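A closer look at the structure
Read off the chains here:
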Amino acid sequence: MPSRRRLLAGVGVGAVGIAGGTSVLDVEFAADTASASTSGETDWPMARYDPSGTGYNPNATGPKDGVKVAWQRDTDPNMYGLSAPILVGETLYAVGQQSLVAFERDTGEIRFTRDGQYWLSPARAPARAYRSDTLAVSGREGIHGLSASGGYELLGRSIGTERWHSPGRETQRWSSSSLRVQSPVAADETVYAIVPETDRAVALDASSGRVRWERTIGDERSIGSTRPAVRDGVVYVSSHPGDIVAFDAETGDTHWSVKPDPGEETPMTYYEFHPPTATDEGLVVPYRTGVVLLDPADGSVLWEYTHDGNATDGSAAVADGTVFVTDGEESLHAIDLERGEREWTAEYVPDTDPVVADAVVYLGYQFPELVAIDAETGEQRWRYEEATYFTQPIVGDGVLYVLTDNGLLALEEAE
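Scope of this entry: the structure provided in the associated data block. (Residues numbered from 1 in each chain as written. Predicted model: local features only at pLDDT ≥ 70, side-chain atom pairs only at ≥ 80, totals over all residues. Heavy atoms only, no water.)

A separate point is the packing of aromatic side chains. Taken as a whole, this structure holds nine aromatic pairs when the rule is applied. A ring pair is formed by tyrosine 236 and tryptophan 256, whose centres lie 6.1 Å apart and whose planes are at 45°; its orientation type is tilted. Highlighted residues: tyrosine 236 in strand S19 (residues 234–238) and tryptophan 256 in strand S21 (residues 254–258), separated in sequence by 20 residues. The lysine or arginine in question, arginine 163, covers the ring of tyrosine 130, its NZ or CZ lying 3.9 Å from the ring centre. (Phe/Tyr/Trp six-rings, centres within 6.5 Å; stacked < 30°, edge-to-face > 60°. Helix = DSSP H or I, 4+ residues; strand = E, 2+ residues; numbered from the N terminus. Lys NZ or Arg CZ within 6 Å of the ring centre and 35° of its normal.)

Moving on: the environment of valine 191. Mapped onto the secondary structure, valine 191 falls in strand S15 (residues 190–194). On the basis of relative accessible area, valine 191 is assigned to the buried category, the value being 0%. Sequence-wise, valine 191 and threonine 134 are 57 residues apart; in three dimensions their C-alpha atoms are separated by 9.6 Å. Each residue touching valine 191, except ones within four places of it in the same chain, is listed here: Ala125, Ala136, Pro184, Val185, Ala186, Val202, Ala203, Leu204 and Ala206. (Buried < 20%, exposed > 50% of the residue type's maximum accessible area, 1.4 Å probe, protein only. Contact = heavy atoms within 4.5 Å.)

With that settled, consider the side chain of serine 315. With respect to the secondary-structure elements, serine 315 resides in the loop between strand S25 (301–306) and strand S26 (317–319). Within the local environment of serine 315, its side chain forms a polar contact with the side chain of arginine 48, the two groups lying 3.0 Å apart. A polar contact of 2.5 Å, which involves the side chain of serine 315, links it to the side chain of aspartate 353. Setting aside chain neighbours within four positions, we find serine 315 in contact with Arg48, Pro275, Pro286, Phe324, Val325, Thr352, Asp353 and Pro354. (Polar contact = N/O pair within 3.5 Å; in protein donor to acceptor, adjacent residues only side chain to side chain.)

Below, the discussion takes up a negative patch on the surface. The grouping of Asp308, Glu329, Glu330 and Glu347 at the surface amounts to a negative patch. In this fold, glutamate 330 is placed in the loop between strand S27 (322–326) and strand S28 (331–336). (Patch = residues over 30% accessible without salt bridge, like charges linked within 9 Å, V, L, I, M, F, W, Y side chains within 5 Å. Areas by Shrake-Rupley, 256 points an atom, 1.4 Å probe, with all protein chains shown as cover. Salt bridge = Lys/Arg side-chain N within 4 Å of Asp/Glu carboxyl O. Lys, Arg positive; Asp, Glu negative; His and termini not counted. Charge placed at Lys NZ, Arg CZ, Asp CG, Glu CD.)

Read across the sheet, four strands follow the order S18-S19-S20-S21 without closing on themselves; strand pairing throughout is antiparallel. Sheet topology places strand S18 (229–231) and S21 at the edges, where each strand pairs with a single neighbour. Strand-to-strand, the axes of this sheet are offset by a mean angle of 15°, without reference to chain direction. Bridge analysis of S18 against S19 gives three bridges, and the strand direction is antiparallel. When the sheet's bridge partners are listed, valine 230 is paired in S19 with valine 235. (Pairing = 2+ DSSP bridges. Axes fitted to C-alpha atoms, helices over the stretch in contact; angles between N-to-C directions.)

Formed by 32 residues in total, the largest nonpolar core has its most connected members in Leu92, Tyr362, Leu370, Trp382, Tyr384 and Tyr401. Considering every element that reaches this core, the biggest residue donor is strand S35 (residues 399–404), with five residues. Apart from the residues within four sequence positions on either side, tyrosine 401 is in contact with Trp71, Pro85, Leu87, Leu92, Arg105, Pro393, Ile394, Gly396, Leu409 and Ala410. Among the nonpolar cores identified, the runner-up in size contains 27 residues, and Ala186, Val195, Val202 and Phe247 belong to it. (Core = buried A, V, L, I, M, F, W, Y, C linked by side-chain atoms within 4.5 Å.)

Once that is clear, we can look at unusual backbone geometry. Notably, leucine 120 is not glycine yet its phi reads approximately 60°, a positive angle. The phi angle at alanine 359 is positive, at roughly 65°, despite the residue not being glycine. In this structure, alanine 359 sits in the loop between strand S30 (355–357) and strand S31 (360–364).

On to the pairing of strand S5 (residues 91–95), then. The buried fraction of S5 is high, at five of five residues. The side-chain alternation of S5 yields two buried faces, one formed by Thr91, Tyr93 and Val95 and the other by Leu92 and Ala94. Where strand S4 (residues 86–88) and S5 come together, three bridges link them in antiparallel fashion. When the sheet's bridge partners are listed, leucine 87 is paired in S5 with leucine 92. In terms of strand pairing, S5 meets strand S6 (residues 99–104) through five bridges, oriented antiparallel. Looking at the pairing, alanine 94 lines up with valine 101 of S6.

Purely geometric stuff here, so don't read any function into it on its own.
Next up, the structure:
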């Protein structure tokens, strides 16, 4: 345990008001703060990599022609769930059903574990009020802002881990794959999120948790809104079923709201819209039997691609002018982003969220398989099956990271 002098010298304590009018103490050590705030080009700071939801880091590389285990770190208890880890600087963060765990990037050594009922992948956001970043994460009672340095553990209790809590409605269900719970998104110093078990989209200050704006998606038919996508000052949210809405990221004002209908020129047969991906060409929105590209100016349909599958989940990755999406029955589809035409299909059964790095598409799912597919040809490069289940992977500097039933796994190129 550090001495009182070291504690006073190394700890920064700040009181910050949060939504709901309460305050917390953020306790951080200088050494932890420095490491937590260091970031690089190969970071993967939130689910789907960026606020746009592209699932693609143009600076990252991963194993291409074969894999071997670089390291594996078991956790106790098991971090069972479906959420991908994130990577910020030299630290990997993973969320289980009972804790947030921070791992050292190169070795997998556990830096800290903090108990808490958190769901899904956190999102890293700069927080000007603190010396380290905020990790925004969905929880049982709403959205939580956690210290990226982990705060401090004293006498079995964590101090300063939670900076703020933006209240939601407590849910009694426990399912990390529920459509009613979505990972937050961070852009600049703002967190954009769907409040768990609601159709309320909120914009929160990353330092204080203060609600900047709040809007309700859809109508009484809605049964769940999806992960927001943020690009060029606009927040896009789709819902199950029927509504796709564009909000001003600063004010929350509605730019447009569309509800595609079979009577339109471009029919859509199912309305269970999946999370959108925002690109320069437009808004890519998968649904059960296909994918649609919407004009970001007004939400009008630019093209529709039909795969006649049964995709009940999953999102689209977009890299180098190509859309990658699974159909939930038998294939991964590569679609030209500009024209909406098929480039190739590859055999892949589950509906999931592809990620892309260095011309390779990586797919993981709770079924026992992790697959790498060539992004240009659709040919399978390798398959790894040495676990009971896999979450979505992320990719860094030549290494792929994925949570399994045993803990966090790092895979690198086989020699």
